[in-house]
Amino acid sequence: MTATEPVDLTVADLHPALGDPALTSMNFLNEVSERYPAAVSLAAGRPYEEFFDLAAVHRHLDTFHRHLTDDLGHSPEQARRLLLQYGRTKGIVHQLIARNLAVDEQITVDPEAVVVTVGCQEAMFLVLRALRAGPEDVLLAVAPTYVGLTGAARLVDLPVWPVAGGPSGVDVADLSVQVRRARAAGLRPRACYVMPDFANPSGVSISAEDRRRLLTLAAEEDLLLLEDNPYGLFHSADGPRPPTLKALDTGRRVVYLGSFAKTVLPGARVGYVVADQRVAGPDGRVGPLADQLAMIKSMVTVNTSPIAQAVIGGRLLENGCSLVAANIRERSAYTRNLRHLVTGLRRRFPGRAAVRWTVPAGGFFVVVTVPFPVDDALLDRSARDYGVLWTPMAHFYDDTAPVCALRLSVSAVTPQQIDVGLDRLTALITDEVARRAG
Ligand SMILES: Cc1ncc(COP(=O)(O)O)c(C=O)c1O
């Protein structure tokens, strides 16, 4: 449609978030990859599709169905209703999620504090919607920030106030400064959004010591921490992972956001939130924040598809509720790819201080810093003329300042594709440096 055609509405008549770069970002990136299907994509943070198995989906469903009848004693009618009818707003796999968190993360939670959601994205939306009580409320978020969080915050009119991330994943001293600065400006910081493990987009992880410092600061400043952990299982190194914030949380400071998109199936669209904070109602009755989130959910998606939950539940049951056990081959493929990418960068840019990159201890993402601003026009040119896709880091900052960095993802490619993609990226960077010098 052209601008001269008659229109019934303009974006200016709609919610101000529509048209905001945070909301258009994902569509733009998808459109670029659709326009250049032959390009090697080091952009997509999607899981590796070769592991997708339709037959396993049927088996998981059967496993969960058997669990309902054989373990929980449901009659065939009850089991059928549970799977096919509208259902409990907080979900039907909450007990299994609580077991999974105990087995894999040493997190002890009351299943009643779990809300099963339509992906982690809905979980973020519910939490932000609940926390935004008035115009003075702001959300602190470690920058660069996952764009899905920024977009959700926009939709509930909650400003996002950046906190320095830096090489350690979060600058705890800066968090303290920003809390005070926001309060001095008459604002009320409600929470700080963090991704302690292999963050999207930075790839960086927060040390165990800084996790403890974050919790101490949150208690001192009366802040909640929103811990988003979709990539934690995909650590490359042998040995134990640092504990999650939630595992260290003795004061109910942490709202934990989980996703099964990377550990089971993105197409199931199942995630969850653990919200065990005690909320006093107007009648004086006290219940978990999860109950308030469920109230919002009942007006957004009503309940998460029980069929999709059953698929997740079946996968959990088949693996003793351990997603660590269920993801051994995935973890090894992502680890192999991450190492391959970092080695490939080292080989292609030896001793060139102008091109630098992060070396994450796991996860999907590496950030490459280059000596020129990286924008959407360059991405378009990269796709068209060089046949390689990546993500401009500018998409993860909530301002318009130029950013000289791009994000590479290793999750949806083979080592051979990484080689081809890196050759093409190297050509782009070399040409761009020469073009700007000449
Ligand atoms: C950091 C982060 N949080 C949340 C999500 C959304 O997860 P889901 O697919 O479960 O909605 C993603 C997806 O890529 C992510 O990277």
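Our structure is the block above this text.
For clarity, every value in this text was computed on a predicted model and none was experimentally measured.

### So, the site of the ligand
Item 1. Around the ligand sit 14 residues in total, of which C120, N200, D228, Y231 and S259 are the nearest.
Item 2. Between the ligand and D228 there is a distance of 2.6 Å, counted from a nitrogen atom to a side-chain nitrogen or oxygen.
Item 3. R269 has a polar side-chain atom sitting 2.8 Å from an oxygen atom of the ligand.
Item 4. For the ligand, whose accessible area on its own is 390 Å², the fraction buried by protein is 91%.
Item 5. A total of 3 residues in the shell around the ligand trace back to one element, the largest contributor, which is helix α5 (residues 119-131).
Item 6. Of the residues assigned to the shell around the ligand, the class counts are 7 nonpolar, 4 polar and 3 charged.

### Digging into the sheet that holds strand β8 (residues 271-274)
Item 1. The 7 strands are arranged β2-β8-β7-β6-β5-β3-β4 in an open sheet whose pairing can be described as mixed. One side of each edge strand has no neighbouring strand; the edge strands of this open sheet are β2 (114-117) and β4 (160-164). Strand-to-strand twist in this sheet, taken as the mean axis angle between neighbours without regard to direction, amounts to 25 degrees.
Item 2. Sheet topology note: the β2/β8 ladder contains 4 bridges and is antiparallel. In the sheet register, T117 faces β8, and the bridge partner there is G271.
Item 3. Set on the sheet, helix α4 (residues 94-105) makes contact with β2, β7 (254-259) and β8; between it and β2 the angle comes to about 105 degrees.

### Thoughts on the sheet that holds strand β11 (residues 356-357)
Item 1. Taking strand neighbours across the sheet as the criterion, the 4 strands line up as β11-β12-β15-β14 in an open arrangement whose pairing is antiparallel. Single-partner strands in this sheet number two, and they are β11 and β14 (391-392).
Item 2. When strand β12 (residues 365-369) meets strand β15 (residues 405-409), the two strands line up antiparallel, connected through 5 bridges. When the bridges of β15 are listed, T369 appears paired with A405.

### Brief notes about the environment of D375
Item 1. Within the fold, D375 resides in the loop between β12 and α14 (376-386).
Item 2. Owing to a relative accessible area of 40%, D375 belongs among the partly exposed residues under this scheme.
Item 3. In this structure, the C-alpha to C-alpha distance between D375 and A394, residues 19 residues apart in sequence, is 6.9 Å.
Item 4. In this view, D375 contacts W390 and P392; residues no more than four positions away in its chain are not counted.

### Observations concerning the side chain of T117
Item 1. As for its placement among the helices and strands, T117 is situated in strand β2.
Item 2. Classification of T117 as buried rests on a relative accessible area of 0%.
Item 3. A polar side-chain atom of T117 sits 3.2 Å from the main-chain amide nitrogen of Y272.
Item 4. Filtering out sequence-adjacent residues up to four positions away, T117 remains in contact with E122, A123, L126, R269, V270, G271, Y272, V273, K297 and T304.

### Structural notes on unusual backbone geometry
Item 1. That bond from A143 to P144 is cis: its omega, 0 degrees, falls within 30 degrees of zero.
Item 2. For P144, the location among the structural elements is in the loop between β3 (137-143) and α6 (147-155).
Item 3. With an omega of 15 degrees, the peptide bond running from N200 to P201 counts as cis.
Item 4. Its place among the elements puts P201 in the loop between β5 (188-194) and α8 (208-221).
Item 5. Located in the positive-phi region is R252, a residue other than glycine, with phi close to 55 degrees.

What counts, and where the lines are drawn
Residues numbered from 1 in each chain as written. Predicted model: local features only at pLDDT ≥ 70, side-chain atom pairs only at ≥ 80, totals over all residues. Heavy atoms only, no water. Near = heavy atom within 4 Å. Polar contact = N/O pair within 3.5 Å; in protein donor to acceptor, adjacent residues only side chain to side chain. Areas by Shrake-Rupley, 256 points an atom, 1.4 Å probe, with all protein chains shown as cover. Helix = DSSP H or I, 4+ residues; strand = E, 2+ residues; numbered from the N terminus. Nonpolar A, V, L, I, M, F, W, Y, C, P; charged D, E, K, R; others polar. Pairing = 2+ DSSP bridges. Axes fitted to C-alpha atoms, helices over the stretch in contact; angles between N-to-C directions. Contact = heavy atoms within 4.5 Å. Buried < 20%, exposed > 50% of the residue type's maximum accessible area, 1.4 Å probe, protein only.

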